[in-house]
Amino acid sequence: VLMRDGVYVLRACIDTAQPFPIRGLFKFSDFREEIDDFYNLGRSDEVGESTGWSTLDPLFRVVPGELTIVTGIPNSGKSEWIDALLCNLSLNKQWTFALCSMENKVREHARKLLEKYNGEPFFDSPYFKQPRMKQRTYEDGLEWLDRHFVLLRCEDDVLPSIDWVLDLSRAAVMRYGIRGLVIDPYNELDHQRPANTTETEYVSQMLTKLKRFAQHHSCHVFFVAHPRQLNNWDGKPPGLYDISGSAHFINKCDNGIVVHRSRDPDDPHPENVQILIRKVRNKNAGTIGDVELRYDRISGRYHDLNSDASRPPP
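Residues numbered from 1 in each chain as written. Predicted model: local features only at pLDDT ≥ 70, side-chain atom pairs only at ≥ 80, totals over all residues. Heavy atoms only, no water.

A. Structural view of the packing of helix α4 (residues 78–93) against helix α5 (residues 106–118). The interhelical angle for the contact between α4 and α5, taken along N-to-C directions, is 55 degrees, at an axis separation of 10 Å. Relative to α5, the element α4 is oriented oblique. Here α4 and α5 pass one another in a crossing that is right-handed. Taking contact as the criterion, the partners of Glu 80, Asp 83, Ala 84, Cys 87 and Leu 91 in α4 are, on α5, His 109, Lys 112, Leu 113, Lys 116 and Tyr 117. Looking at side-chain class alone, the contact of α4 with α5 contains 5 nonpolar, 1 polar and 4 charged residues. (Axes fitted to C-alpha atoms, helices over the stretch in contact; angles between N-to-C directions. Helix = DSSP H or I, 4+ residues; strand = E, 2+ residues; numbered from the N terminus. Parallel < 35°, antiparallel > 145°, perpendicular 65-115°, else oblique. Left-handed = near helix turned anticlockwise from the far one by under 90°. Contact = heavy atoms within 4.5 Å. Nonpolar A, V, L, I, M, F, W, Y, C, P; charged D, E, K, R; others polar.)

B. Molecular detail of the nonpolar core. In this structure, Trp 81 and Ile 275 are the most contacted members of the largest nonpolar core, which totals 35 residues. If you list the elements that add at least two residues to this core, you get α4, β2 (97–101), α5, α6 (135–148), β5 (220–224), β6 (255–261), β7 (272–280) and β8 (289–295). At 7 residues, the largest contribution of residues to this core is made by α4. Judged by nonpolar contacts, the second largest core, of 34 residues, contains Val 150, Leu 189, Val 203 and Cys 253. (Core = buried A, V, L, I, M, F, W, Y, C linked by side-chain atoms within 4.5 Å. Buried < 20%, exposed > 50% of the residue type's maximum accessible area, 1.4 Å probe, protein only.)

C. Structural view of the environment of Val 106. Inspection of the secondary structure puts Val 106 in helix α5. Put simply, Val 106 and Leu 151 are 45 residues apart on the chain and 8.5 Å apart in space, counted from C-alpha to C-alpha. Every residue in contact with Val 106, bar those within four places of it in the chain, is listed here: Leu 151 and Arg 153.

D. Up close: unusual backbone geometry. In this model, Asp 184 is joined to Pro 185 through a cis peptide bond whose omega is -5 degrees. Note that Pro 185 resides in the loop between β4 (180–184) and α8 (199–217). Its identity is not glycine, yet Gln 94 carries a phi of approximately 60 degrees, on the positive side. With respect to the element layout, Gln 94 can be found in the loop between α4 and β2. One non-glycine residue, Ser 218, adopts positive backbone phi at about 55 degrees.

E. Main features of the packing of helix α7 (residues 162–176) against α8. Packing of α7 against α8 leaves a shortest axis separation of 11 Å and a crossing angle of 5 degrees. In terms of orientation, α7 and α8 fall into the roughly parallel class. Packed against α7, whose contacting residues are Ile 162, Asp 163, Leu 166, Ser 169, Arg 170 and Val 173, the element α8 presents Met 206, Lys 209, Leu 210, Phe 213 and His 217 at the interface. Here the contact of α7 with α8 is built from residues that sort into 6 nonpolar, 2 polar and 3 charged.

F. Structural detail: the packing of aromatic side chains. Under the definition given, this model contains 13 aromatic pairs. Considering the side-chain rings of Trp 53 and Trp 81, the 6.1 Å spacing of their centres and the 25 degrees angle between planes classify their relative orientation as stacked. Of this pair, Trp 53 sits in the loop between α3 (32–39) and β1 (67–71) while Trp 81 sits in helix α4, and the two are 28 residues apart along the sequence. Residue classification places Trp 53 among the buried residues on the basis of a relative accessible area of 3%. Ring centres of Phe 122 and Tyr 138 lie 6.0 Å apart, and the angle between their planes is 70 degrees; on these two criteria the pair is classed as edge-to-face. Note that Phe 122 is positioned in the loop between α5 and α6 and Tyr 138 in helix α6, a separation of 16 residues in sequence. What makes Phe 122 buried here is its relative accessible area of 17%. Chaining the aromatic ring pairs together yields one cluster made of Trp 95, Phe 97, Tyr 117, Trp 144 and Phe 149. The ring of Trp 95 has Arg 179 sitting right over it, with the charged end atom 4.9 Å from the ring centre. (Phe/Tyr/Trp six-rings, centres within 6.5 Å; stacked < 30°, edge-to-face > 60°. Lys NZ or Arg CZ within 6 Å of the ring centre and 35° of its normal.)

G. Up close: the layout of surface pockets. Volume-wise, the largest pocket comes out at about 1100 Å³. As for the largest pocket, its lining consists of 43 residues, and the residues nearest its centre are Glu 80, Tyr 295, Asp 296, Arg 297 and Gly 300. Elements supplying a minimum of two residues to the lining of the largest pocket: α4, α5, β8 and β9 (302–304). With 4 residues, the single largest contributor to the lining of the largest pocket is α5. Looking at the lining of the largest pocket residue by residue, the classes come out as 14 nonpolar, 13 polar and 16 charged. (1 Å grid on protein atoms, 1.4 Å probe; cavity = no way out; pocket = protein on both sides within 12 Å on 5 of 7 lines; lining within 4 Å. Points joined across faces, edges and corners; volume = space filled by probe spheres on them.)

H. Seen up close, the pattern of salt bridges. This model, assessed by the stated rule, comprises 16 salt bridges. Among the salt bridges present, the one from Arg 4 reaches Asp 5, with a minimum N-O distance of 3.1 Å. For Arg 4, a relative accessible area of 65% translates into the label exposed. Here Lys 93 makes a salt bridge to Glu 49, at a shortest N to O gap of 3.6 Å. With Lys 93 in helix α4 and Glu 49 in the loop between α3 and β1, the pair connects residues that are 44 residues apart, well separated along the chain. Lys 93 sits in the partly exposed class, given a relative accessible area of 39%. A relative accessible area of 11% means that Glu 49 is categorised as buried. Taken together, the salt bridges that share partners define one network made up of Glu 108, Arg 111 and Glu 115. (Salt bridge = Lys/Arg side-chain N within 4 Å of Asp/Glu carboxyl O.)

Spelled out as C-alpha coordinates, the structure:
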(Lines give C-alpha, C1' and ligand atoms only; values in the text may rest on other atoms or scores of the structure.)
Protein backbone atom coordinates (compact mmCIF):
# COMPACT_ATOMS: atom_id res chain seq x y z
CA VAL A 1 0.00 0.00 0.00
CA LEU A 2 2.86 2.36 0.82
CA MET A 3 4.52 1.83 -2.55
CA ARG A 4 1.26 1.98 -4.51
CA ASP A 5 -0.83 4.61 -2.70
CA GLY A 6 1.57 6.49 -0.50
CA VAL A 7 2.01 7.23 3.19
CA TYR A 8 -1.34 8.98 3.76
CA VAL A 9 -3.38 6.07 2.50
CA LEU A 10 -1.27 3.70 4.58
CA ARG A 11 -1.87 5.84 7.69
CA ALA A 12 -5.63 5.86 6.98
CA CYS A 13 -5.64 2.07 6.65
CA ILE A 14 -3.87 1.71 10.00
CA ASP A 15 -6.13 4.20 11.78
CA THR A 16 -9.34 2.57 10.53
CA ALA A 17 -8.23 -1.05 10.86
CA GLN A 18 -10.61 -3.36 12.75
CA PRO A 19 -9.36 -6.12 15.06
CA PHE A 20 -9.47 -9.63 13.68
CA PRO A 21 -12.74 -11.20 14.98
CA ILE A 22 -12.37 -13.83 17.70
CA ARG A 23 -15.25 -16.28 18.13
CA GLY A 24 -17.08 -15.61 21.41
CA LEU A 25 -15.40 -12.23 22.11
CA PHE A 26 -17.61 -9.13 21.75
CA LYS A 27 -18.07 -5.49 22.74
CA PHE A 28 -21.42 -3.98 23.71
CA SER A 29 -21.40 -2.00 20.46
CA ASP A 30 -21.69 -5.29 18.58
CA PHE A 31 -25.20 -5.59 20.09
CA ARG A 32 -26.21 -1.96 19.58
CA GLU A 33 -29.34 -2.73 17.57
CA GLU A 34 -30.56 -5.25 20.13
CA ILE A 35 -29.90 -2.84 23.03
CA ASP A 36 -31.63 0.01 21.17
CA ASP A 37 -34.68 -2.20 20.62
CA PHE A 38 -34.76 -3.01 24.31
CA TYR A 39 -34.47 0.66 25.31
CA ASN A 40 -37.23 1.66 22.90
CA LEU A 41 -39.31 -1.42 23.75
CA GLY A 42 -39.11 -2.42 20.13
CA ARG A 43 -39.41 -6.02 21.30
CA SER A 44 -42.38 -6.31 23.64
CA ASP A 45 -41.37 -9.79 24.79
CA GLU A 46 -38.36 -8.29 26.58
CA VAL A 47 -40.64 -7.11 29.40
CA GLY A 48 -42.73 -10.26 29.27
CA GLU A 49 -46.13 -11.35 28.07
CA SER A 50 -49.23 -11.11 30.23
CA THR A 51 -50.19 -14.20 32.21
CA GLY A 52 -53.86 -13.47 31.57
CA TRP A 53 -54.47 -12.57 35.24
CA SER A 54 -54.39 -8.85 35.99
CA THR A 55 -53.51 -9.39 39.65
CA LEU A 56 -50.53 -11.61 38.79
CA ASP A 57 -49.03 -9.54 35.96
CA PRO A 58 -47.37 -6.93 38.25
CA LEU A 59 -45.45 -9.77 39.94
CA PHE A 60 -44.73 -12.14 37.07
CA ARG A 61 -44.76 -11.91 33.29
CA VAL A 62 -43.63 -14.61 30.88
CA VAL A 63 -40.36 -13.62 29.18
CA PRO A 64 -39.03 -15.73 26.28
CA GLY A 65 -35.58 -17.10 27.01
CA GLU A 66 -36.10 -17.58 30.74
CA LEU A 67 -36.30 -20.61 33.05
CA THR A 68 -39.10 -20.77 35.63
CA ILE A 69 -39.06 -23.35 38.43
CA VAL A 70 -42.50 -24.23 39.82
CA THR A 71 -42.87 -26.16 43.07
CA GLY A 72 -45.47 -26.97 45.70
CA ILE A 73 -46.60 -29.90 47.81
CA PRO A 74 -48.41 -32.76 46.01
CA ASN A 75 -51.97 -31.97 44.84
CA SER A 76 -51.47 -28.26 45.28
CA GLY A 77 -52.33 -27.54 41.63
CA LYS A 78 -48.90 -26.94 40.08
CA SER A 79 -49.66 -28.70 36.81
CA GLU A 80 -53.24 -27.37 36.64
CA TRP A 81 -52.04 -23.79 37.04
CA ILE A 82 -49.31 -24.19 34.42
CA ASP A 83 -51.88 -25.65 31.99
CA ALA A 84 -54.15 -22.66 32.62
CA LEU A 85 -51.24 -20.29 31.98
CA LEU A 86 -50.41 -22.05 28.71
CA CYS A 87 -54.05 -21.75 27.62
CA ASN A 88 -53.99 -18.02 28.30
CA LEU A 89 -50.78 -17.55 26.30
CA SER A 90 -52.07 -19.63 23.40
CA LEU A 91 -55.33 -17.68 23.24
CA ASN A 92 -53.95 -14.20 23.88
CA LYS A 93 -50.53 -14.42 22.19
CA GLN A 94 -50.87 -17.43 19.87
CA TRP A 95 -47.96 -19.23 21.55
CA THR A 96 -47.22 -22.88 20.83
CA PHE A 97 -45.82 -25.26 23.45
CA ALA A 98 -44.00 -28.56 23.79
CA LEU A 99 -45.32 -30.64 26.68
CA CYS A 100 -43.13 -33.22 28.40
CA SER A 101 -45.60 -34.25 31.07
CA MET A 102 -44.64 -37.69 32.30
CA GLU A 103 -47.29 -37.96 35.03
CA ASN A 104 -50.25 -37.39 32.68
CA LYS A 105 -51.83 -39.85 30.30
CA VAL A 106 -52.36 -38.20 26.93
CA ARG A 107 -56.15 -38.52 27.09
CA GLU A 108 -56.25 -37.11 30.63
CA HIS A 109 -54.03 -34.16 29.72
CA ALA A 110 -56.20 -33.48 26.67
CA ARG A 111 -59.30 -33.47 28.90
CA LYS A 112 -57.79 -30.89 31.25
CA LEU A 113 -56.70 -28.58 28.46
CA LEU A 114 -60.02 -28.88 26.60
CA GLU A 115 -61.99 -28.03 29.74
CA LYS A 116 -59.88 -24.91 30.25
CA TYR A 117 -60.22 -23.90 26.61
CA ASN A 118 -63.98 -24.45 26.36
CA GLY A 119 -64.90 -23.57 29.95
CA GLU A 120 -67.10 -26.68 30.11
CA PRO A 121 -66.67 -30.10 31.71
CA PHE A 122 -65.50 -33.01 29.58
CA PHE A 123 -67.93 -35.42 31.27
CA ASP A 124 -71.25 -35.11 33.05
CA SER A 125 -70.77 -35.26 36.81
CA PRO A 126 -73.01 -35.70 39.84
CA TYR A 127 -71.01 -32.96 41.60
CA PHE A 128 -72.18 -30.07 39.39
CA LYS A 129 -75.15 -29.32 37.15
CA GLN A 130 -73.38 -27.89 34.10
CA PRO A 131 -73.70 -30.27 31.12
CA ARG A 132 -70.63 -31.64 29.36
CA MET A 133 -69.22 -29.95 26.26
CA LYS A 134 -71.05 -30.70 23.03
CA GLN A 135 -69.53 -32.66 20.15
CA ARG A 136 -68.89 -29.56 18.03
CA THR A 137 -67.25 -27.77 20.94
CA TYR A 138 -65.14 -30.84 21.59
CA GLU A 139 -63.99 -31.02 17.95
CA ASP A 140 -63.15 -27.29 17.86
CA GLY A 141 -61.06 -27.82 20.99
CA LEU A 142 -59.16 -30.70 19.38
CA GLU A 143 -58.22 -28.42 16.48
CA TRP A 144 -56.96 -25.82 18.96
CA LEU A 145 -54.91 -28.49 20.76
CA ASP A 146 -53.19 -29.49 17.52
CA ARG A 147 -52.42 -25.87 16.63
CA HIS A 148 -50.83 -24.95 19.94
CA PHE A 149 -49.39 -28.06 21.60
CA VAL A 150 -46.97 -30.83 20.72
CA LEU A 151 -46.21 -33.80 22.96
CA LEU A 152 -42.84 -35.24 23.93
CA ARG A 153 -43.51 -38.88 24.78
CA CYS A 154 -40.84 -41.49 25.49
CA GLU A 155 -42.11 -44.65 23.77
CA ASP A 156 -39.35 -46.88 25.16
CA ASP A 157 -39.52 -48.65 28.50
CA VAL A 158 -36.96 -46.27 30.03
CA LEU A 159 -37.02 -42.88 31.68
CA PRO A 160 -36.21 -39.98 29.33
CA SER A 161 -33.04 -38.00 29.96
CA ILE A 162 -32.76 -34.22 29.88
CA ASP A 163 -30.70 -34.50 26.67
CA TRP A 164 -33.50 -36.52 25.04
CA VAL A 165 -36.02 -33.85 26.04
CA LEU A 166 -33.90 -30.99 24.70
CA ASP A 167 -33.10 -32.77 21.43
CA LEU A 168 -36.82 -33.22 20.71
CA SER A 169 -37.53 -29.67 21.86
CA ARG A 170 -35.03 -28.28 19.35
CA ALA A 171 -36.80 -30.26 16.64
CA ALA A 172 -40.13 -28.81 17.86
CA VAL A 173 -38.69 -25.29 17.58
CA MET A 174 -37.71 -25.91 13.97
CA ARG A 175 -40.87 -27.75 12.93
CA TYR A 176 -43.61 -26.05 14.98
CA GLY A 177 -42.05 -22.79 16.21
CA ILE A 178 -42.72 -23.50 19.88
CA ARG A 179 -42.35 -20.57 22.28
CA GLY A 180 -42.53 -22.58 25.51
CA LEU A 181 -41.44 -25.92 26.96
CA VAL A 182 -42.96 -27.64 30.00
CA ILE A 183 -41.10 -30.42 31.83
CA ASP A 184 -43.29 -31.93 34.53
CA PRO A 185 -41.86 -33.19 36.83
CA TYR A 186 -38.11 -33.35 37.49
CA ASN A 187 -38.22 -36.67 39.34
CA GLU A 188 -39.64 -38.49 36.28
CA LEU A 189 -36.44 -37.88 34.29
CA ASP A 190 -33.50 -40.27 34.11
CA HIS A 191 -30.86 -38.91 36.50
CA GLN A 192 -28.05 -41.38 35.96
CA ARG A 193 -24.75 -39.61 36.34
CA PRO A 194 -21.06 -40.51 36.47
CA ALA A 195 -19.86 -41.93 39.79
CA ASN A 196 -17.61 -38.92 40.35
CA THR A 197 -20.46 -36.40 39.85
CA THR A 198 -22.51 -35.33 42.87
CA GLU A 199 -26.24 -34.66 42.64
CA THR A 200 -25.56 -30.95 43.19
CA GLU A 201 -23.13 -30.89 40.25
CA TYR A 202 -25.57 -32.86 38.09
CA VAL A 203 -28.47 -30.50 38.83
CA SER A 204 -26.26 -27.50 38.07
CA GLN A 205 -25.26 -28.94 34.69
CA MET A 206 -28.86 -29.87 33.86
CA LEU A 207 -30.19 -26.39 34.66
CA THR A 208 -27.39 -24.82 32.62
CA LYS A 209 -28.50 -26.90 29.60
CA LEU A 210 -32.10 -25.77 30.11
CA LYS A 211 -31.12 -22.10 30.34
CA ARG A 212 -28.97 -22.30 27.22
CA PHE A 213 -31.82 -23.91 25.33
CA ALA A 214 -34.24 -21.22 26.50
CA GLN A 215 -31.92 -18.36 25.58
CA HIS A 216 -30.77 -19.76 22.25
CA HIS A 217 -34.29 -20.55 21.00
CA SER A 218 -36.13 -17.69 22.75
CA CYS A 219 -38.37 -20.19 24.56
CA HIS A 220 -39.72 -19.97 28.08
CA VAL A 221 -39.05 -23.18 30.01
CA PHE A 222 -41.36 -24.21 32.87
CA PHE A 223 -39.75 -26.89 35.04
CA VAL A 224 -41.82 -28.53 37.79
CA ALA A 225 -39.84 -29.83 40.77
CA HIS A 226 -41.35 -31.41 43.88
CA PRO A 227 -40.20 -30.46 47.37
CA ARG A 228 -38.40 -33.00 49.48
CA GLN A 229 -40.38 -34.84 52.14
CA LEU A 230 -41.43 -32.27 54.73
CA ASN A 231 -41.32 -33.74 58.22
CA ASN A 232 -43.88 -32.38 60.69
CA TRP A 233 -45.45 -30.28 57.94
CA ASP A 234 -47.53 -27.45 59.44
CA GLY A 235 -49.62 -26.68 56.36
CA LYS A 236 -47.54 -23.69 55.26
CA PRO A 237 -46.24 -23.46 51.68
CA PRO A 238 -42.74 -24.82 51.05
CA GLY A 239 -39.89 -22.60 49.95
CA LEU A 240 -37.67 -22.93 46.91
CA TYR A 241 -34.86 -24.22 49.11
CA ASP A 242 -37.15 -27.13 50.03
CA ILE A 243 -36.96 -28.54 46.49
CA SER A 244 -35.57 -32.05 46.49
CA GLY A 245 -32.13 -32.36 44.92
CA SER A 246 -30.15 -29.16 45.19
CA ALA A 247 -30.18 -25.49 46.14
CA HIS A 248 -29.22 -24.82 42.51
CA PHE A 249 -32.93 -24.93 41.63
CA ILE A 250 -33.31 -21.49 43.19
CA ASN A 251 -29.79 -20.30 42.49
CA LYS A 252 -29.85 -20.84 38.72
CA CYS A 253 -33.48 -20.23 37.73
CA ASP A 254 -34.74 -16.89 36.44
CA ASN A 255 -38.09 -17.19 38.24
CA GLY A 256 -39.18 -19.29 41.20
CA ILE A 257 -42.88 -19.89 41.90
CA VAL A 258 -44.65 -21.81 44.65
CA VAL A 259 -48.26 -22.95 44.06
CA HIS A 260 -50.12 -23.64 47.28
CA ARG A 261 -53.65 -24.21 48.53
CA SER A 262 -54.99 -24.60 52.03
CA ARG A 263 -55.63 -28.06 53.47
CA ASP A 264 -57.54 -26.64 56.44
CA PRO A 265 -61.05 -28.21 56.46
CA ASP A 266 -62.37 -25.04 58.13
CA ASP A 267 -61.02 -22.71 55.42
CA PRO A 268 -64.05 -20.76 54.06
CA HIS A 269 -62.45 -20.53 50.60
CA PRO A 270 -60.81 -23.86 49.78
CA GLU A 271 -61.08 -23.03 46.08
CA ASN A 272 -58.52 -20.21 46.41
CA VAL A 273 -54.98 -21.01 45.28
CA GLN A 274 -51.92 -19.02 46.28
CA ILE A 275 -49.37 -18.16 43.59
CA LEU A 276 -46.24 -17.19 45.50
CA ILE A 277 -43.54 -15.46 43.46
CA ARG A 278 -40.31 -16.17 45.33
CA LYS A 279 -37.70 -15.15 42.77
CA VAL A 280 -37.67 -12.84 39.75
CA ARG A 281 -34.28 -12.12 38.20
CA ASN A 282 -35.62 -9.66 35.59
CA LYS A 283 -36.92 -6.66 37.54
CA ASN A 284 -38.66 -5.34 34.41
CA ALA A 285 -40.89 -8.42 34.31
CA GLY A 286 -41.97 -8.76 37.93
CA THR A 287 -41.10 -8.81 41.60
CA ILE A 288 -41.47 -10.97 44.70
CA GLY A 289 -45.00 -11.14 46.09
CA ASP A 290 -48.15 -13.22 46.63
CA VAL A 291 -51.42 -13.46 44.70
CA GLU A 292 -54.56 -15.55 45.21
CA LEU A 293 -56.56 -16.92 42.30
CA ARG A 294 -59.85 -18.78 42.46
CA TYR A 295 -59.89 -22.27 40.96
CA ASP A 296 -63.06 -23.26 39.15
CA ARG A 297 -63.39 -27.02 39.57
CA ILE A 298 -65.93 -27.35 36.75
CA SER A 299 -63.79 -25.83 33.99
CA GLY A 300 -60.32 -26.09 35.52
CA ARG A 301 -59.85 -22.36 34.93
CA TYR A 302 -58.31 -19.86 37.35
CA HIS A 303 -59.77 -16.39 37.90
CA ASP A 304 -58.70 -13.16 39.59
CA LEU A 305 -60.54 -12.78 42.87
CA ASN A 306 -61.87 -9.39 41.78
CA SER A 307 -63.35 -10.68 38.50
CA ASP A 308 -67.00 -11.55 37.98
CA ALA A 309 -66.03 -15.08 36.97
CA SER A 310 -64.40 -15.62 40.34
CA ARG A 311 -67.66 -15.13 42.24
CA PRO A 312 -69.40 -18.42 42.99
CA PRO A 313 -73.00 -18.76 41.79
CA PRO A 314 -75.69 -17.84 44.33
